[in-house]
Amino acid sequence: QVQLVESGGGLVQAGGSLRLSCAASGRTFSVYAMGWFRQAPGKGREQVAAIGWSVGSTYYADSVKGRFTISRDNAKNTVYLQMNSLKPEDTAVYYCAAGLTYPTIEAKYWGQGTQVTVSS
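So, here is what we can say about the structure in this document. These numbers were taken from a predicted model, which means no experiment stands behind them.

The rules behind the values
- Residues numbered from 1 in each chain as written.
- Predicted model: local features only at pLDDT ≥ 70, side-chain atom pairs only at ≥ 80, totals over all residues.
- Heavy atoms only, no water.
- Salt bridge = Lys/Arg side-chain N within 4 Å of Asp/Glu carboxyl O.
- Helix = DSSP H or I, 4+ residues; strand = E, 2+ residues; numbered from the N terminus.
- Buried < 20%, exposed > 50% of the residue type's maximum accessible area, 1.4 Å probe, protein only.
- Pairing = 2+ DSSP bridges.
- Axes fitted to C-alpha atoms, helices over the stretch in contact; angles between N-to-C directions.

1. Considering the pattern of salt bridges
Taken as a whole and assessed by the stated rule, the structure comprises four salt bridges. One salt bridge connects D90 with R38, and the closest N-O pair in it is separated by 2.9 Å. Here R38 lies in strand 4 (residues 33-39) and D90 lies in the loop between strand 8 (78-83) and strand 9 (92-99), a separation of 52 residues in the sequence. We note a salt bridge from D90 to R67, for which the minimum N-O separation is 2.7 Å. Of the two residues, D90 is situated in the loop between strand 8 and strand 9 and R67 in the loop between strand 6 (58-60) and strand 7 (68-73); the sequence distance between them amounts to 23 residues. With respect to burial, D90 and R67 carry one shared label: buried.

2. Overview of the sheet that holds strand 3 (residues 18-24)
Judged by pairing direction, the sheet is antiparallel, and its four strands sit side by side in the order 1-3-8-7 without closing on themselves. A single partner strand is all that each edge strand has here, and the edge strands are strand 1 (4-7) and strand 7. Pairwise comparison of adjacent strand axes, ignoring direction, gives a mean angle of 15° for this sheet. Sheet analysis places strand 7 next to strand 8, joined by six bridges and oriented antiparallel. Counterpart to F68 in the pairing with strand 8 is M83.

3. What about the side chain of S21?
Secondary-structure assignment places S21 in strand 3. The class of S21 is buried, set by a relative accessible area of 18%.

In structure tokens form, the structure reads like this:
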């Protein structure tokens, strides 16, 4: 069993930056691929980034490529999402997820979500 807790969301102006963190419980963190998803009001949940078991392998949706960076620290059981050059259309609830597939994360575990709001 893995529990995921996100933090770092908030309100930021367009062009600004935020860093999301996702802390995982349990001693099996390193066996999971990790992903960040988001869900905007009235829309479905979309995967925006993923990182494999090897810290060198990453995936990004086209909508965030070049602006967002995913990373993980297995020693701290934490995955991060650095978000730069934020746009109003990035406004959503952001979720981290753990799964056994990569780059498409079929999540076994979800965090509770953290709100990101980008004002124009």
